[in-house]
Structures are given as structure tokens and as C-alpha cells.
Amino acid sequence: MVNCCSTRMRATSVAGTFTMPAEWAPQQRIWLSWPHARGDWPGKFAPIPWVFAETVRVITQSGQRVGLLVHSPAIRAEAMEMLDRAGVTLTMVDFLEVKTNRGWLRDCGPIWVRDGENQFVALDWKFNGWAKYANHRLDNNVPEPVANFTNVARITPKHKGKQVVLEGGGIEVDGAGSVIVTEEWLLSDSQVRNPGFTRADYEEIFTKYLGAPNTIWLEAGIVGDDTHGHVDDITRFTAPGSVVTVMEHDRTDANYQILQNNRARLGRTSLNVMELPMPRPVVFEGERLPASYANFLICNTVVLVPVFNDVADATALKILEQCFPTRAVVPIYARDLVWGLGTIHCLTQQQPA
């Protein structure tokens, strides 16, 4: 394991623009963090590790490795036992002991990009608990040990002299110059990530660090989204020039107008747009949860899709099968998982190959 070289970091930074591959590009691993924060699923934690185990089983049985953060030796032993019982071949899992507060790796983990020399580096964005939660210090430290394990340089993105706060669930890239984000996430007055940053500032950041000079701004995320507007619950690239976006057809539903507005903005682009249904509202203890079929994960040969024991499950899976004809589309039961206010994509981060 090698720490990042300062000389290379300076050379890479001078080289200018980085490029983030699309999620469907070849991958080396999928990273997760074994669940231990019971407060994320209050009163409903028991089934959650089994959902993780099933996720790991599907990925590894497809022939792809998984990197798994474990909070402590005891958590590692627990994870190994449950994975073994679930039928996971443990030699396909790389365990890395890293302390975390919560471990939603899409948002606190590194993002791998190519530099000007076509080498991978890990972007270490600042994570501030979605500008909402105080317990984020350990999660903010996650990129360093993961980057060291993957033997790549680690870059700290900065703009106007400040380390940039950014979460992976808020960006959706096609690897060919475009990124989709929401105004609610970055430009509203709630849960402000980077005080003082403007639309132009973010577009400059996306151009430099993601290789995405074309920013597509949607309006807002779905109701119940604790992150305040992450795009991975609403609109996802499925191929160059193509996206799927979720739509609510019940005019009385709180998501109806939000998603109509987003769809109208997509209609003003050159993108090919396919529509995904929304499940009926998932409510637990009186709280509307951010259940969405758009929170799927693209792997090398499979696509993992959250399902909710809903009549729309089958329709969503069929649409995604059309979008990914060379991959097996696999449902993962997520009605319990979404009580943590996120599902499959939120929990994972792909490491490109």
C-alpha cells in the first residue's frame, strides 16, 4: 500500500482536467461499508446486514470483487460470518478496517477519476454530513485509507482556496463531458455545502475535476430525500446520450410537480429520455421515505435495482432491462433498507478498472 506522492500530486494538478468514467465503464471493485450505525435504521436494524450480504453475494457471484470497510475487528468477524452464511465466496471480498460514523460510501468515499496522464487518482472531497449531521468526522477520513489500499494518488479538490464539499450521490456523469445535478442540492439556502459558491463556481469545478463542461441543472430531488436533492434518486445516465428519469403520475402526490419540472428540463436537452415509474409512497412511522427505482447500481455484468414489494416493481425492472441489454437486472428488496433514507446506489461506490 502506497501513500500518494506529493510530486505526482503537483504534476497531476498542473495537468488540469480530470475525467470521471461513467458508471457502466469497466470496474475493478464495488465498495461498501458494513452497517454498524443502528441509529440510521432505528428499531429496524436487524434485517439490514442481510440486505448488505445479499448485495455482496450478487456482485461477487457475477465475478466482480467487493471492497468492504469494517468498523472494528468484531464487525469484521460479524460480516464474515453473515456473508459466509449468505453464500458469499469470501476470497472475492477485500476487507479493510476503517472506522466510520455511518458509512454511506457514495457520499463519503473517494471518487476515482483519470488524470492528464490517463492514470487513476482518488478525489478526496470534503464530507460534512450533508450539511446536516454533526457525526461525520470519521466518514470524512474514509478516502485516505481506501486510496492507499487501491494504490493511487489522492487529490483534494479545491476552489477559491477552499476544500470543496461534494457527495457522489449528487452527481451523475456520462464520462463524455456531461454531469447532471440539482439546484436544490447546490444552490438552495438549506443544507448549504459551500457557502458563497455560485452556479458558475460549480460548473468550473465539474469541468476541472469531473471532465464535465456540460452541466445539466434539474430543479429538485424527491420528497423524503434527507440529502436535500441528490440526483441519484431521480435521473440516471444509462448510456451516452441516454437517461432514465422517475415520474409520478398521481397528480395529488407531493412528487408529481417536482418530477414534471425535472422532466421538462430534460426535454430541453438533446438527451434520449426514458421514464421510470415511482413506487407508491413508502411510509414508516408516519415518515415519507425516498423510495425510488433510480437508485440502482451498475456493475460490470449486473445492475442491482431496489424494489419495494410494489406493483410497479416489475415495470421498473423491465424498463431497466431494456436500458441494459448486456447486463442481468437483479432486484434487491429495499423496503427495510430505505428506512435509512437511502438504498443501493447510496451505499456503494464503484472503483473503475
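Definitions and cut-offs
- Residues numbered from 1 in each chain as written.
- Predicted model: local features only at pLDDT ≥ 70, side-chain atom pairs only at ≥ 80, totals over all residues.
- Heavy atoms only, no water.
- 1 Å grid on protein atoms, 1.4 Å probe; cavity = no way out; pocket = protein on both sides within 12 Å on 5 of 7 lines; lining within 4 Å.
- Points joined across faces, edges and corners; volume = space filled by probe spheres on them.
- Nonpolar A, V, L, I, M, F, W, Y, C, P; charged D, E, K, R; others polar.
- Phe/Tyr/Trp six-rings, centres within 6.5 Å; stacked < 30°, edge-to-face > 60°.
- Buried < 20%, exposed > 50% of the residue type's maximum accessible area, 1.4 Å probe, protein only.
- Lys NZ or Arg CZ within 6 Å of the ring centre and 35° of its normal.
- Helix = DSSP H or I, 4+ residues; strand = E, 2+ residues; numbered from the N terminus.
- Pairing = 2+ DSSP bridges.
- Axes fitted to C-alpha atoms, helices over the stretch in contact; angles between N-to-C directions.
- Salt bridge = Lys/Arg side-chain N within 4 Å of Asp/Glu carboxyl O.
- Parallel < 35°, antiparallel > 145°, perpendicular 65-115°, else oblique.
- Left-handed = near helix turned anticlockwise from the far one by under 90°.
- Contact = heavy atoms within 4.5 Å.

Some words on the layout of surface pockets
- Taken as a whole, the largest pocket spans an internal volume of roughly 250 Å³.
- Around the largest pocket, the lining is made up of 20 residues, and of these Arg102, Tyr133, Asp226, Gly340 and Leu341 lie nearest the centre.
- A breakdown of the residues in the lining of the largest pocket according to their chemical character gives seven nonpolar, five polar and eight charged.

Focus: the packing of aromatic side chains
- This model, assessed by the stated rule, comprises 13 aromatic pairs.
- Ring geometry for Trp41 against Phe45: centres 6.1 Å apart, planes inclined by 55°, an arrangement best described as tilted. For the pair Trp41 and Phe45, one class covers both residues: buried.
- Both rings, one in Phe197 and one in Tyr202, keep their centres 5.8 Å apart while their planes meet at 65°; by these two values the pair is edge-to-face.
- The cationic tip of Arg102 hangs over the ring face of Tyr133; the distance from NZ or CZ to the ring centre is 4.3 Å.

Overview of empty space enclosed by the protein
- Under the criterion given, the structure shown has four cavities of 30 Å³ or more.
- In this structure, the largest cavity encloses a volume near 90 Å³.
- Those elements giving two or more residues to the lining of the largest cavity turn out to be strand 9 (172–173) and strand 20 (349–352).
- Residues of the lining of the largest cavity, tallied by class, amount to seven nonpolar, four polar and three charged.
- By volume, the second largest cavity is sized at about 60 Å³.
- As for the second largest cavity, its lining consists of Met20, Pro21, Ala22, Glu23, Ala25, Pro26, Gln27, Ile111, Trp112, Gln349, Gln350 and Pro352.
- Elements with a contribution of two residues or more to the lining of the second largest cavity: strand 4 (111–114) and strand 20.
- With three residues, the top contributor of residues to the lining of the second largest cavity is strand 20.

Some words on the sheet that holds strand 5 (residues 120–123)
- Read across the sheet, three strands follow the order 4-5-6 without closing on themselves; strand pairing throughout is mixed. The sheet terminates laterally at strand 4 and strand 6 (153–155), the two strands that pair on one side only. On average, each strand axis in the sheet is tilted by 40° relative to the strand beside it, whichever way the strands run.
- As judged from the three bridges shared by strand 5 and strand 6, these two strands associate in the parallel manner. Residue Leu123 lies in a different strand from strand 6, and its bridge partner there is Ile155.

Details of the pairing of strand 4
- By the bridge criterion, four bridges tie strand 4 to strand 5 in an arrangement that is antiparallel. Paired with Val113 across the strands is Val121, a residue of strand 5.
- Linking strand 4 to strand 5, which pair antiparallel, is a turn of five residues; within it Asn118 sits at a positive phi near 65°.

Notes on the pattern of salt bridges
- For the structure shown, the criterion picks out 19 salt bridges.
- In this structure, Glu23 and Arg106 form a salt bridge, with 4.0 Å as the shortest nitrogen-oxygen distance. Here Glu23, found in the loop between helix 1 (6–15) and strand 1 (27–33), pairs with Arg106, found in helix 4 (residues 105–108); they are 83 residues apart in sequence, far enough to count as distant.
- Judged by relative accessible area, Glu23 falls into the buried class, the value being 7%.
- On the accessibility criterion, Arg106 (2% relative accessible area) is buried.
- In this structure, the salt-bridge partner of Arg154 is Asp124, at a minimum N-O distance of 2.8 Å.

Examining the packing of helix 2 (residues 48–61) against helix 3 (residues 73–85)
- Packing of helix 2 against helix 3 brings their axes to within 9 Å, and their N-to-C directions diverge by 60°. If you check the angle between helix 2 and helix 3, you find them oblique. The element helix 2 and its partner helix 3 pack so that their crossing is right-handed. In contact with Pro49, Trp50, Ala53 and Val56 of helix 2, helix 3 contributes Met82, Leu83 and Arg85.
- The class makeup of the residues in the contact of helix 2 with helix 3 is six nonpolar, no polar and one charged.

Interpretation note: all reported values are geometric properties and have no functional meaning in isolation.
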